[in-house]
There are 2 protein chains.
Amino acid sequence: MELTLGQYELIANAFSFTIATMGAATLFFWLGRSQVAPAYKTALTITGLVTFIAAYHYVRIGQSWDAAFDVVDGGVQATAVPFNDAYRYVDWLLTVPLLLVELILVMNLPRRETVSKGVRLGGLAALMIVLGYPGEISDGLGASFLWGALSMIPFLWIVYELFVGLKDSIAKQPSDVRGLVDTARWVTVLAWAFYPVVYFAGIFFGLGGGVSETVVQVGYTVADIVAKAGFGILIYMIAVRKSQHDLGAQPAAATA
Amino acid sequence: MELTLGQYELIANAFSFTIATMGAATLFFWLGRSQVAPAYKTALTITGLVTFIAAYHYVRIGQSWDAAFDVVDGGVQATAVPFNDAYRYVDWLLTVPLLLVELILVMNLPRRETVSKGVRLGGLAALMIVLGYPGEISDGLGASFLWGALSMIPFLWIVYELFVGLKDSIAKQPSDVRGLVDTARWVTVLAWAFYPVVYFAGIFFGLGGGVSETVVQVGYTVADIVAKAGFGILIYMIAVRKSQHDLGAQPAAATA
């Protein structure tokens, strides 16, 4: 891969920025657990787990990036060790199902519905990631398109579930929370739709080139921050508002 | 050992995936301690200890894997430092007895029974691991089979204790928890039975070969995730449900 020093450094700095953001977000969500009602504590636990797992993987991604290139005479040379792009997919396999579980948990549905919706949406999310990976590592344009397209099927099913399957459940949320849940749903769809845009943009700019690599690495990084930390803040706001609402009669307990 | 780059990377990624999973599981269990009744807090402490110890060992296993091989010209070459497989057995010696202690603790039996069952099952589990290790490191097929078979004796005794010895205790659990305890028991038996399958599959595919190594490393990794993190989630669910049940008369305290 041909990278300029500027591209190499921009990508390394993007990784470091993400470690700081994900680490800080994790602590924010877990410290916030003590400020919400018991019913929403698990939602915040999971929200923090997602950013914790992402922070771990960005540390590994950053180490792999360092090991994959040497700076020589003001230029960048690839070493014998290839950059390990699989960390991203390993991360998504764990975090993407958990993101949907966060949303289900903060809605505080009946136990049976929580389990059935969590399993269905989590399973579809895992399937989406598993189908995307062969396309990401393939060298051929045809294979990249084929797996990318297959991966879109569970994605579209998730979109359908979020907008049609959750319709009744969202209608039952308190009125001052409904808007936030709706935003969280849109952030999920739009932030997630950004990943295939990055995926296909990488193909468009020419696989293996420096511009393509920069677009893919920085693009996925921005998408991860929005989909995990940004989405998490919405979950946190929903949990806080619903806590105030649920425990309206016991203000002392609500803020314990 | 002859490994392709793909096999080497698959195993390295499986180790990293496990570090993330075990680390996240640990924090999930320990954060969950605040959501269960006092009688179940120790069970969740131990559940998190098991995944914590596993996360530590997978960090060491990953480092040993990196040190044991060099990537040269797109291929993989063994270095002078052998891969240390003993970390797995050190891990199991600590965690496998604790897994049975988790199950005993979450059942909340009378104190005398908790101690006697914990010591007996924990001791058998430790014996099972100690007997398996000489077989894992031996080069001879006969020795591998002999120690593997000897290790099955305490395993079968544990299965007997779980299904016959715990029968009365499980019958006394609340009705909405009995199914979960039964599932936990089955996960223990089936996930643990998967270890000897991996052990003998390694022998079957030819000790020291790349395919054998991949089957053994990925197989043990999957088994560890199911037996420790997956099993832990069942323990967590049992603890939460029993807390709601035990403290049914004091809902405010139950969810504190």
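Just above sits the structure.
Let me sum up the structure you'll find in this document.

Definitions and cut-offs
Residues numbered from 1 in each chain as written. Chains lettered and ligands numbered in written order. Predicted model: local features only at pLDDT ≥ 70, side-chain atom pairs only at ≥ 80, totals over all residues. Heavy atoms only, no water. Pairing = 2+ DSSP bridges. Helix = DSSP H or I, 4+ residues; strand = E, 2+ residues; numbered from the N terminus. Least-squares fit on C-alpha atoms with pLDDT ≥ 70 in both. Salt bridge = Lys/Arg side-chain N within 4 Å of Asp/Glu carboxyl O. Buried < 20%, exposed > 50% of the residue type's maximum accessible area, 1.4 Å probe, protein only. Contact = heavy atoms within 4.5 Å. Patch = residues over 30% accessible without salt bridge, like charges linked within 9 Å, V, L, I, M, F, W, Y side chains within 5 Å. Areas by Shrake-Rupley, 256 points an atom, 1.4 Å probe, with all protein chains shown as cover.

The subject of this paragraph is the pairing of strand 2 (residues 75-78) of chain B. Residues and elements named next belong to chain B. Summarising the sheet, strand 1 (residues 69-72) and strand 2 pair through four bridges and their orientation is antiparallel. Each bridged residue has a counterpart across the sheet, and for Val72 the counterpart in strand 2 is Gly75. The antiparallel pairing of strand 1 with strand 2 creates a hairpin that spans two residues between the two strands, and Asp73 there sits at a positive phi of about 50°.

Our focus in this paragraph is the relation of the copies chain A and chain B. When chain A is fitted onto chain B, the two copies agree to an RMSD of 0.1 Å after a turn of 73° and an axial shift of 0.1 Å. Those values place the two copies in the arrangement expected of a five-fold rotation axis.

Our next topic: the pattern of salt bridges. When the charged atoms of two side chains lie near each other, side chains of opposite charge can form a pair. Counted according to the given criterion, the structure contains twelve salt bridges over all chains. Between Asp85 of chain B and Arg88 of chain B there is a salt bridge, and its shortest N-O distance comes to 3.9 Å. For the residue pair Asp85 of chain B and Arg88 of chain B, the accessibility class agrees, reading buried in each case. Close ionic contact of Glu161 of chain B with Arg120 of chain B constitutes a salt bridge, the shortest N to O distance being 3.0 Å. Placement of the pair is Glu161 of chain B in helix 5 (residues 141-165) and Arg120 of chain B in helix 4 (residues 111-137), with a sequence separation of 41 residues. What makes Glu161 of chain B buried here is its relative accessible area of 10%. Three or more residues joined by partner-sharing salt bridges are found here, namely Asp85, Arg88, Asp91, Asp224 and Lys228 of chain A.

As a further point, take the side chain of Lys41 of chain A. Structurally, Lys41 of chain A can be placed in helix 2 (residues 38-68). Every residue in contact with Lys41 of chain A, bar those within four places of it in the chain, is listed here: Arg33, Ser34 and Val36 of chain A together with Gln35 of chain B.

Before going further, it helps to spend a moment on a nonpolar patch on the surface. Residue and element names in this part refer to chain A. Together, Phe194, Val197, Val222 and Val226 line one region of the surface with nonpolar side chains, adding up to about 310 Å² of accessible area. Broken down by secondary-structure element, the contributors of at least two residues to the nonpolar patch are helix 7 (175-204) and helix 8 (210-246). Residue position: Phe194 is located in helix 7. By relative accessible area, Phe194 is classed as partly exposed at 35%.

Spatial relationships are all this shows, so hold off on functional conclusions.
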